[in-house]
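# Commentary on secondary and tertiary structure
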Amino acid sequence: MNRAITISREYGSGGREIGEKLAQRLGIPFYDKERISELAKEKDIYDKYPDYYGEIPVNTLLYTISVTEEDDVLYDKPKKALASLIDGQDCVVLGRCGNYAFKDRKDKISIFLTGDDDKRIAHIAGKHGYSERKAANIVKETDDRRSSYHEYYSGETWGLSDNYDLCVNVSKLGFDKTLKLIEDYIDTRISNE
């Protein structure tokens, strides 16, 4: 059975680590921003959606001005951009509005990972050797950018539980137990289909 597993996450919640381990355990490809951009360049379609593949920050004022009756064209970008790369394949997709892009796939399982601010800040500070203050600023800026990007391309509120199948606070469970919870959820979904 095919599986399109999408992981959206707050910065510092361990989404990359969890996504990579999940893909490895399931034996399916893992696609993050870098891998998706590489594939788009290899297939010579990167220039078709450079802002989507490159996660160019969206200026909120420009976004507000640009929202018109052409929204359907804008909101089709994630679906078209990802479909042209990994349509119908098993995959774990990190970010890239994957939950929205694959919303019509019956095999889509969308996950949102969150965490307590202090734990996410400490994780980023330790991982990159930043001061707590610098890490706090980077966490906030990255979350703001991800939220704007997601809303710009999907019209959805990033992190809103209604837009995902499973939302988990990694700070409460830790990486390993979160990964186990996700695996159990996937197994349950597959067995119930």
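This text gives an overview of the structure that appears in the document. It should be emphasised that the depicted structure is a prediction, and the values quoted were computed from it without experimental measurement. (Residues numbered from 1 in each chain as written. Predicted model: local features only at pLDDT ≥ 70, side-chain atom pairs only at ≥ 80, totals over all residues. Heavy atoms only, no water.)

Looking at where Asp144 falls in the secondary structure, it is placed in helix H8 (residues 132–154). Judged by its relative accessible area of 41%, Asp144 is partly exposed. It is 9.8 Å that separates the C-alpha atoms of Asp144 and Tyr11, two residues lying 133 residues apart in sequence. (Helix = DSSP H or I, 4+ residues; strand = E, 2+ residues; numbered from the N terminus. Buried < 20%, exposed > 50% of the residue type's maximum accessible area, 1.4 Å probe, protein only.)

Before going further, it helps to spend a moment on unusual backbone geometry. A positive phi angle, near 60°, is found at Asp44, a position not held by glycine. Asp44 sits in the exposed class, given a relative accessible area of 67%.

Right, let's talk about the pattern of salt bridges for a bit. Summed over all chains, the structure comprises 17 salt bridges. Taking the shortest distance from any N to any O, the salt bridge between Arg189 and Asp165 comes out at 3.4 Å. In this pair, Arg189 is assigned in helix H10 (residues 175–192) and Asp165 in the loop between H8 and strand E5 (166–169), connecting sequence segments 24 residues apart. Classification of Asp165 by relative accessible area gives partly exposed; the value is 32%. Salt bridges linked by common partners bring Glu10, Asp117, Arg120 and Asp143 together as one network. (Salt bridge = Lys/Arg side-chain N within 4 Å of Asp/Glu carboxyl O.)

With that out of the way, let us pick up empty space enclosed by the protein. If you walk through the whole model with that rule in mind, you get 1 cavity of 30 Å³ or more. When its volume is computed, the largest cavity comes out at roughly 30 Å³. As for the largest cavity, its lining consists of Glu17, Ile18, Lys21, Phe175, Asp176 and Leu179. Of all elements in the fold, only helix H1 (15–26) and H10 reach the threshold of two or more residues within the lining of the largest cavity. (1 Å grid on protein atoms, 1.4 Å probe; cavity = no way out; pocket = protein on both sides within 12 Å on 5 of 7 lines; lining within 4 Å. Points joined across faces, edges and corners; volume = space filled by probe spheres on them.)

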